[in-house]
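Listed here are the chains, written in short residue letters.
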Amino acid sequence: MNKIKEIFNKLIKPLPIEFKLKGLNTSVFGGFDSYVLKLSQKLKTEADTNETVELIEKLEDLFSDYEDVTLDERYEKLEDAVEIINQLGQKIHRQKIFKLKNNKLEKIEKKKKQSKQSKTKASNNQKIKSEVKEGQKLPEFWQQEVRYVKGVGEYWAERLKKLEIEEVSDLLYYFPRDYNDWSKRSKIANVTAEEEVTVQGKVVNVNQIKPRQGLKIIKVGINDGTGTLYGVWFNQAYRMKYFRDKQGEIFLFSGEVKHNYGRLEINNPHYEELGGEHLHTARIVPVYPTTKGINQKKLRTIINNTLDKYSTEIPEFLPTFVLDKYNFPDLASALQDIHFPDDQQSLKLARKRFAYEELFILQLGLALKKEGVKEETPGTKHSGGQELVAQYFEKLPFDLTSAQEKVWQEIKEDMAASNQMNRLLQGDVGAGKTVVATLALLRAVGSGFQGALMAPTEILAEQHYLGLKEELAPLGIEVGLLVGSLSNSEKEEVVKQMEAGKIDIIIGTHALIQEEINFDHLGLAIVDEQHRFGVRQRATLQEKGDIPDVLVMTATPIPRTLALTVYGDLDVSVIDELPPGRKAVVTEWRTQQARSKIYSFIEEKVEDGQQAYVVCPLVEESESLDVESATEVFLRFKEEIFPDLNLGLLHGQLKSSEKEDVMEEFRKGKIDVLVSTTVIEVGVDVPNATIMVIEDAQRFGLAQLHQLRGRVGRSSYQSYCILVSDPKTDEGKERMKIMARSNDGFEIAEEDLKLRGPGEFFGTRQHGMPDLKVADIIRDQKVLEKAREDAFEVVRSDPQLNNQQHQILKKFLSKSFDYDFELIDIS
Ligand code: ADP
Ligand code: MG
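Residues numbered from 1 in each chain as written. Chains lettered and ligands numbered in written order. Predicted model: local features only at pLDDT ≥ 70, side-chain atom pairs only at ≥ 80, totals over all residues. Heavy atoms only, no water.

Enquirer: How would you summarise a nonpolar patch on the surface if you had to cite specific residues and measurements?
Expert: Where nonpolar side chains cluster on the molecular surface, the patch consists of I17, L21, L24 and L71 and spans about 330 Å² of accessible area. You can see L71 is positioned in helix α5 (residues 71–92). Assessed through its relative accessible area of 42%, L71 is described here as partly exposed. (Patch = residues over 30% accessible without salt bridge, like charges linked within 9 Å, V, L, I, M, F, W, Y side chains within 5 Å. Areas by Shrake-Rupley, 256 points an atom, 1.4 Å probe, with all protein chains shown as cover. Salt bridge = Lys/Arg side-chain N within 4 Å of Asp/Glu carboxyl O. Helix = DSSP H or I, 4+ residues; strand = E, 2+ residues; numbered from the N terminus. Buried < 20%, exposed > 50% of the residue type's maximum accessible area, 1.4 Å probe, protein only.)

Enquirer: Break down a positive patch on the surface for me, citing the residues and quoting the values.
Expert: A cluster of like positive charges, contributed by K3, K10, K38 and K42, occupies part of the molecular surface. Looking at the positive patch, the elements that each hand over two or more residues are α1 (3–12) and α3 (32–46). Looking at the secondary structure, you find K38 in helix α3. (Lys, Arg positive; Asp, Glu negative; His and termini not counted. Charge placed at Lys NZ, Arg CZ, Asp CG, Glu CD.)

Enquirer: Outline helix α20 (residues 595–607), supporting the account with residue identities and numerical values.
Expert: Given a rise of 1.5 Å per residue, 13 residues ought to cover 18 Å, and the 19 Å separating the end C-alpha atoms of α20 matches this to within 8%. Where α20 is concerned, the buried positions are R595, I598, Y599, I602, K605 and V606. Projected down its long axis, α20 shows its buried positions confined to an angular sector of 125°, all on one face. α20 presents S596, K597 and E607 as exposed residues on the side facing more than 90 degrees away from its buried surface. On its buried face, α20 is in contact with β18 (586–590), β19 (611–615), α21 (630–641), β21 (673–676), β22 (689–695) and β23 (720–724). (Expected span 1.5 Å × (residues − 1). Arc of directions from axis to C-beta. Contact = heavy atoms within 4.5 Å.)

Enquirer: So, the sheet that holds strand β14 (residues 505–508): which residues are in play, and what are the values?
Expert: Sheet architecture is open: seven strands sit in the order β13-β14-β12-β15-β16-β11-β17, paired in parallel fashion. Whereas interior strands pair on both sides, the edge strands pair on one side only; in this sheet they are β13 (479–482) and β17 (571–575). Strand-to-strand twist in this sheet, taken as the mean axis angle between neighbours without regard to direction, amounts to 20°. Of the strand pairs in this sheet, strand β11 (residues 422–427) and strand β16 (residues 549–554) are connected by five bridges, and their pairing is parallel. Across the sheet, residue R423 finds its bridge partner in β16, namely L551. Taken strand by strand, helix α14 (residues 402–416) contacts β11, β15 (522–527), β16 and β17, and its axis lies near 155° from that of β17. Running at roughly 135° to β13, helix α17 (residues 488–499) makes contact with β12 (450–454), β13 and β14 of the sheet. (Pairing = 2+ DSSP bridges. Axes fitted to C-alpha atoms, helices over the stretch in contact; angles between N-to-C directions.)

Enquirer: Give a description of the environment of F354 that names residues and reports values.
Expert: With respect to the helices, strands and loops of the structure, F354 is situated in helix α12 (residues 344–376). Relative accessible area serves as the criterion here: at 1%, F354 is assigned to the buried category. Distance in space between the C-alpha atoms of F354 and H382 is 44 Å, their sequence separation being 28 residues. Setting aside residues no more than four positions away along its own chain, F354 makes contact with Y173, F175, L331, A334, L335, I338 and V774.

Enquirer: Before we move on, can you summarise the packing of α14 against helix α15 (residues 433–446) with the specific residues and values?
Expert: Put simply, α14 and α15 touch, their axes get as near as 10 Å, and they point 25° apart. Accordingly, the angle class assigned to the pair α14 and α15 is roughly parallel. For the pair α14 and α15, the sense of crossing is right-handed. Note on element contacts: α15 touches α14 through V435, V436, L439, A440, R443 and A444, opposite Q404, V407, W408, I411, K412, M415 and A416. Class assignment of the residues belonging to the contact of α14 with α15 gives a composition of ten nonpolar, one polar and two charged. (Parallel < 35°, antiparallel > 145°, perpendicular 65-115°, else oblique. Left-handed = near helix turned anticlockwise from the far one by under 90°. Nonpolar A, V, L, I, M, F, W, Y, C, P; charged D, E, K, R; others polar.)

Enquirer: So what about the sheet that holds β19? Which residues, and what values?
Expert: Ordered by their spatial adjacency, six strands build an open sheet running β18-β23-β22-β19-β21-β20, and the pairing between neighbours is parallel. Every interior strand has two partners, whereas the edge strands, β18 and β20 (647–650), have only one. Mean inter-strand twist for the sheet, computed between neighbouring axes without regard to direction, equals 15°. Strand direction decides the pairing type here: β19 and β21, joined by four bridges, are parallel. Considered in β21, the bridge of V615 is made with S676.

Enquirer: Report on unusual backbone geometry, specifying residues and quantitative values.
Expert: Residues other than glycine seldom take positive phi values, yet N235 does so here, at roughly 50°. Within the fold, N235 resides in the loop between β6 (228–234) and α8 (238–244). N235 sits in the partly exposed class, given a relative accessible area of 46%.

Enquirer: Got a sec to walk through the packing of aromatic side chains? Specific residues and values, please.
Expert: The relation between two aromatic rings is expressed through the spacing of the ring centres and the mutual angle of the planes. One pass over the structure, following the stated rule, counts 32 aromatic pairs. Relative to F63, the ring of F32 has its centre 5.4 Å away and its plane inclined at 80°; by these criteria the two rings are edge-to-face. Note that F32 is positioned in helix α3 and F63 in helix α4 (residues 50–64), a separation of 31 residues in sequence. We note that F32, like F63, is buried. (Phe/Tyr/Trp six-rings, centres within 6.5 Å; stacked < 30°, edge-to-face > 60°.)

Next comes the structure, spelled out in structure tokens:
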């Protein structure tokens, strides 16, 4: 045992006796106070953190005048001392030391110490040396049905199911959503209105008043010698009978004091008879999320019974190195403290552990998926295609930026290796991801495989198809297009060619991942604008081949913390630089009143030979939303505002061939102003377009606005984004300001996340985000990063978690998390 533990244990030894003697200061020869002061001095020299020193000094303070005060005051000091000792216990032994039960101070027994003998040999080459414990498995009770818990039975078990509580561990992990701190006790004479209090007194008075028809008021008075305070209930006659029988008994009342007609009362107080352990009053009382038919009292009682029964058998599954590093309480104490904390400090510590625990388990799942995939799955080896790449570079009108060059190297290496590639390519709008994707496709084809590129909209698929066909046909490469709106016979033809291996590169929408579609030899699957797809869709495309390499691309910048969570199983490449000569898009927020100025601005730019997009939120006039429809805008522009300009209209309800025609004309510069719905939101690349006007911009999310703005600023011309908006909400205004201020996709995403929260950020259905109870992805960013590091360290040292000391972790992991998230974007 180390020095600090030794001294600490010595110091606390006589405390229960001093407590029993109610502060006589005779528990130790020479005085309890001098004893404490002497040992705390020694303890201080061993303390290794400032917090520990501070706690010891508080203790010294308490006992510096112990001799001079009354017995009552000494008793209070002892109570305070217990609290400090418990906090010190957390630091030194990682658990609390004492529990006050029925006015008796009891030592909390340390959990059965597991044998240290079986130190495994297997862990010799492990970086992490965990203390190996015996019986590394979840105890039986962990997965036992709740009906066997005291106070549950069939009836309540059925009701608890509604809260998704079925096993004992579900109960233990059913955390409070809030707490009422009623730990402070007051004398009735001293209570004041609006105060949360706990008072203790004898039931002296039970009355019922009927001020009018249908209203019964029950008033129960308790007296503590300093005064009488009334608890008040409305229309709960049964309480009358209950308290009538309890006249003269001592009760605790907790709740908020109210001024009712000149008298201080507590409405609906929480109450409990004195004696025994109190759960509902006079402490920090947990408040659980609950549902009809299960009340707080019942939940508290059941959870407390569970803790009582199993606390000594609760296992620990976090690695020892983690507990040591962060000084977390062990699972048993943390569970006790998150449900029934003795004080705010232990609650805080418990929450800290569970926030970490959640993120650690999540990251562990991702780490296993990522490292496990590498370890186990031999993939497709793409080592050819050099000539094709060289030929392509010859014709490319620009050099790669160094960021593109860097990610291309990363991808090339991944593809050449025999392990499967699982890589995310991130780059802000306009960063030039398509070129990199094309290079990867060339490698695949040159190595004798087919490549597939999936895009979320037909317009984008079509654009990729036209672009690639033009660039790659001269190299003898066959490019095909598969989208939903092709005629059946056209589709059949394409599919037939794909299956026969005659098409080298297939571009498409969701149509690509339909069941009946097969490839001959798919070697590389690329998903463009990945955030528009679900993770399952990515997986489905990849299942079309025999372990193809996978590259997913996204321009929607994902805040780092979310990327670590949602894409945590992928390797990440980032293009963090725009092609040279680009000027930052100038973004202006204008109100409806500025319309005519905006129109003349557009005219001016068109005269210079540039083009504009005008994006409207809806196609059809809708009564519920006062939004101008694109069609209406188009007609008004054509007839009134820009009679001399060439206008185009694009929306989702046009036939596919009509859309193609419009885009083609816009690309060729035959359309000056393209009025469109959000169908052009992602991917569309017409460098000569330099103006983006977004109507009713407050209706769009930040991510969406940023994507739309990304349609301009794709050349060396100065581009403009004009947000026409009269936002009514503060959040709407805030969004306009952020857009005008920042061009940085990552910054915008962080802001978006703050404004909307992680659930909304990824879609109302909350897909893509694991269900976190304690941790908060935004608030706990640092914890997340640490948890990730630790989890990856564990998996690197033991890729399959086969070591004995990780068995329990593995069990816990498989039970607690389904880490196969789906990511769906709502924008
Ligand atoms: P995104 O990353 O948004 O998909 P694109 O791949 O559509 O971006 O590229 C945006 C535009 O920049 C295209 O017109 C493309 O030809 C051009 N581009 C890409 N890379 C470069 C480069 N290294 N130098 C100059 N222009 C480039
Ligand atoms: Mg793109």
